[in-house]
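Coordinate inspection notes
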Amino acid sequence: MTRVVHKFTRNVPIWQPRVTPVDLSDASPEQLDALQVTPSNTKVSDYVLVLAHDPETLKVRSPLFNAIMYDPGGMSRAERELGAIGASIVNRCVYCAAVHADRHAKLERSTEVTDKIFVSGADADLSPRDKAILNFAIKLSQCPPEAGDGEMGALRAAGLSDDEILDLVLSAALFGWANRLMHVLGDPVRQEVTA
């Protein structure tokens, strides 16, 4: 038995797809190429296996995701995760919020920031830099976006460079797209423990 998860947490739920994921043993050469599957790399998430139904898009999505979240320079990895968390909160994507809150906590070696965010949301008592990053990501993710001069001023006052602001814009925008796709393609669920 499973139940859909509705509360934000760092405990990453299982993502249950509504679309049958591609089976690696039956995948086309195009799908395998998009998945970049090699004999030593056969652990692929169900989410990515669902996206493999459209290998042309997946082949572009994965390098883009990796560049936005992992390329060196600009904003720190933890701060990029904070941008993803802000977008995921706005979009109510419990799964993405959990994944990126867990990553943020591991990168920072502390749960303090994500604990405060999950208790107080945009009103969380954070450092000026973290507060500016979270607020910008949240306001940029609103529909229509509400990020403006005030939010840019707060980023500048917190010491963010142009490269860091670009990384934040890209992180929040990436998750604006990914969150909505995750909602359509599946649900975050917890397995019920049976005695």
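Let me sum up the structure you'll find in this document. (Residues numbered from 1 in each chain as written. Predicted model: local features only at pLDDT ≥ 70, side-chain atom pairs only at ≥ 80, totals over all residues. Heavy atoms only, no water.)

Thoughts on the overall build of the protein chain
- Scanning the protein chain from terminus to terminus reveals nine helices and three strands.
- Along the chain direction, N to C, the helices and strands of the protein chain fall in the order β-β-α-α-α-α-α-α-α-α-α-β.
- On C-alpha atoms alone, the protein chain measures out to a radius of gyration of 18 Å, which is about the 16 Å that the 2.2 N^0.38 rule sets for 195 residues.
- For the C-alpha atoms alone, the extent of the protein chain along its principal axes is close to 55 × 45 × 35 Å.
- Buried residues in the protein chain amount to 42% of all 195 residues.
- Contacts spanning at least 24 positions in sequence make up 70% of the contacts within the protein chain whose residues lie at least 6 apart. (Helix = DSSP H or I, 4+ residues; strand = E, 2+ residues; numbered from the N terminus. Rg over C-alpha atoms; globule rule 2.2 N^0.38 Å. Buried < 20%, exposed > 50% of the residue type's maximum accessible area, 1.4 Å probe, protein only. Contact = heavy atoms within 4.5 Å.)

Some thoughts on the packing of helix H4 (residues 77–90) against helix H9 (residues 162–185)
- Where H4 meets H9, the axes come as close as 8 Å, and the angle between the chain directions of the two elements is 40°. For the element pair H4 / H9, the angle class is oblique. The two elements H4 and H9 cross, and the hand of that crossing is right-handed. Residues Arg 80, Gly 83, Ala 84, Ala 87 and Ser 88 of H4 pack against Asp 167, Leu 168, Ser 171, Ala 172, Phe 175, Gly 176 and Asn 179 of H9.
- Its residues assigned to classes, the contact of H4 with H9 shows five nonpolar, five polar and two charged. (Axes fitted to C-alpha atoms, helices over the stretch in contact; angles between N-to-C directions. Parallel < 35°, antiparallel > 145°, perpendicular 65-115°, else oblique. Left-handed = near helix turned anticlockwise from the far one by under 90°. Nonpolar A, V, L, I, M, F, W, Y, C, P; charged D, E, K, R; others polar.)

Section: helix H6 (residues 112–120)
- All of the buried residues along H6 are Val 113, Thr 114 and Ile 117. Angular distribution of buried residues about the axis of H6 spans 90°; they occupy a single face of the element.
- Elements in contact with the buried residues of H6: H4, helix H5 (94–108) and helix H7 (128–141).
- Looking one or two places after H6, you find Gly 121, whose phi comes out positive at around 60°. (Arc of directions from axis to C-beta.)

Topic: the pattern of salt bridges
- Scanning the entire structure with this criterion turns up eleven salt bridges.
- Where Asp 33 meets Lys 59, a salt bridge forms, and the shortest distance between an N and an O atom there is 2.4 Å. Of this pair, Asp 33 sits in helix H1 (residues 29–35) while Lys 59 sits in helix H3 (residues 55–70), and the two are 26 residues apart along the sequence.
- Ionic pairing is found between Arg 156 and Asp 162, a salt bridge with its closest N-O pair at 2.5 Å.
- One salt-bridge network, in which partners are shared between bridges, spans Glu 79, Arg 129 and Glu 164. (Salt bridge = Lys/Arg side-chain N within 4 Å of Asp/Glu carboxyl O.)

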